[in-house]
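Overview (structure and organization)
So the chains spell out like this:
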Amino acid sequence: MLFTAMQLVGGLILSVGWIPQIVQIIRTRSVADLSLKAYLLMLLGILLMEAYAVNLAAQGVGLAFLITNSLSLAVVTTVVLLIIRYRSRGQQ
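Residues numbered from 1 in each chain as written. Predicted model: local features only at pLDDT ≥ 70, side-chain atom pairs only at ≥ 80, totals over all residues. Heavy atoms only, no water.

1. Observations concerning the nonpolar core
For soluble globular proteins, nonpolar side chains are generally found buried alongside one another. We apply this condition: Side-chain atoms within 4.5 Å are what join buried Ala, Val, Leu, Ile, Met, Phe, Trp, Tyr and Cys residues into a set we call a nonpolar core. Think of it in three bands: residues with accessible area under 20% of the maximum for their type are buried, residues over 50% are exposed, and the middle band is partly exposed, with areas taken using a 1.4 Å probe on protein chains only. Strands are runs of DSSP state E lasting at least two residues, helices are runs of H or I lasting at least four, and both sets are numbered from the N terminus onward. Residues count as neighbours in contact if any of their non-hydrogen atoms are within 4.5 Å of one another.
Among the nonpolar cores identified, the biggest contains 16 residues, and Ile25, Val31, Leu34, Tyr39, Val76, Val79 and Ile83 are the most heavily contacted of them. Looking at this core, the elements that each hand over two or more residues are helix H2 (19–28), helix H3 (36–58) and helix H4 (63–90). Per-element accounting of this core gives the leading share, 8 residues, to H4. Setting aside residues up to four positions removed in sequence, valine 76 forms contacts with Trp18, Tyr39, Met42, Leu43 and Ile46.

Structure, rendered in C-alpha cells:
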C-alpha cells in the first residue's frame, strides 16, 4: 500500500511538472526553443508505457500507474499539439 501511494504521488508530481511548460507556451505563444522531435519521442515512450499500464490494470494491479501515466499522456500530448499549433502560426 505504501509503494502504491508513493507511485501515485510521484506520478502526479511528474505529470503536473509539465503544466508550467504549457502555461509558458500559452502565455508567450512561443515554441521556438522547444524540440518537437524530443517531445514526440517522449510521447511515444509514454504511449508504450500506457499499453503496459492498461495491461497491468486489466490484471487487477497497477491502477495508480495507469492513472498517473494517463495524466502524463494528456499533458505531453497537449505540449506536442501546442508546438504544432504555434509553429504553424509562426511560419505563415
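2. Considering the layout of surface pockets
Gaps between atoms show up when a probe of the same size as a water molecule is rolled over them. Put simply, the test is: Here a cavity is any set of points on a 1 Å grid over the protein atoms alone where a 1.4 Å probe fits but cannot get out, and a pocket is any open set with protein on both sides within 12 Å along at least 5 of 7 lines; a residue lines the site when it has an atom within 4 Å of a point. Grid points are joined across faces, edges and corners, and a volume is the space filled by probe spheres set on the points. In this count, Pro and Cys sit with the nonpolar residues alongside Ala, Val, Leu, Ile, Met, Phe, Trp and Tyr, while Asp, Glu, Lys and Arg are called charged and the others, Gly among them, polar.
Of the pockets and cavities examined, the largest pocket occupies roughly 210 Å³. Contributions of two or more residues to the lining of the largest pocket are made by helix H1 (2–16), H3 and H4. For the lining of the largest pocket, a count of residues per class yields 6 nonpolar, 6 polar and no charged.

3. Brief notes about the side chain of glutamate 50
Worth spelling out the cut-off: When charges are counted, Lys and Arg contribute as positive and Asp and Glu as negative, whereas His and the chain ends are disregarded. The rule for a salt bridge is simple: a side-chain nitrogen of Lys or Arg has to be within 4 Å of a carboxyl oxygen of Asp or Glu.
In this structure, glutamate 50 sits in helix H3. Put simply, glutamate 50 is tucked away with no salt bridge, and the nearest opposite charge, on arginine 85, sits 24 Å away. Beyond its immediate chain neighbours, meaning those up to four positions away, glutamate 50 contacts Leu66, Asn69, Ser70 and Leu73.

4. Quick word on a nonpolar patch on the surface
Filter applied, for reference: A patch consists of residues exposed above 30% relative accessible area that lack any salt bridge, with like charges linked at up to 9 Å and nonpolar side chains (Val, Leu, Ile, Met, Phe, Trp, Tyr) linked at up to 5 Å. Accessibility throughout is a Shrake-Rupley quantity obtained with a 1.4 Å probe, and a residue counts as covered only by protein chains that appear here.
A contiguous nonpolar patch, built from Leu8, Leu12, Val16, Ile19, Val23, Leu63, Ile67 and Leu71 and spanning about 620 Å² of accessible area, is present on the exposed surface. Those elements giving two or more residues to the nonpolar patch turn out to be H1, H2 and H4.

5. A closer look at the confidence of the model for the protein
Caution is warranted with low-pLDDT regions, since their predicted coordinates should not be read in detail. Applicable threshold: Each residue gets a pLDDT score, which is the predictor's confidence in that residue and runs from 0 to 100.
With 97% of its residues at a pLDDT of at least 70, the protein reaches an overall mean of 93. Across the protein, H3 holds the top mean pLDDT of 97, while H1 sits lowest at 91.

6. Observations regarding the packing of aromatic side chains
Under the convention used in this document: Only Phe, Tyr and Trp rings are paired, with Trp represented by its six-membered ring, and only when their centres lie within 6.5 Å; those with planes under 30 degrees apart are stacked, over 60 edge-to-face, the remainder tilted.
Applying the stated criterion to the full structure yields 2 aromatic pairs. Relative to tyrosine 39, the ring of tryptophan 18 lies with its centre 5.6 Å away and its plane at 65°, an arrangement referred to as edge-to-face. Within this pair, whereas tryptophan 18 is found in the loop between H1 and H2, its partner tyrosine 39 is found in helix H3, the two being separated by 21 residues in sequence. A residue is classified by how much of its surface remains accessible, and tryptophan 18, at 19% relative accessible area, is buried.

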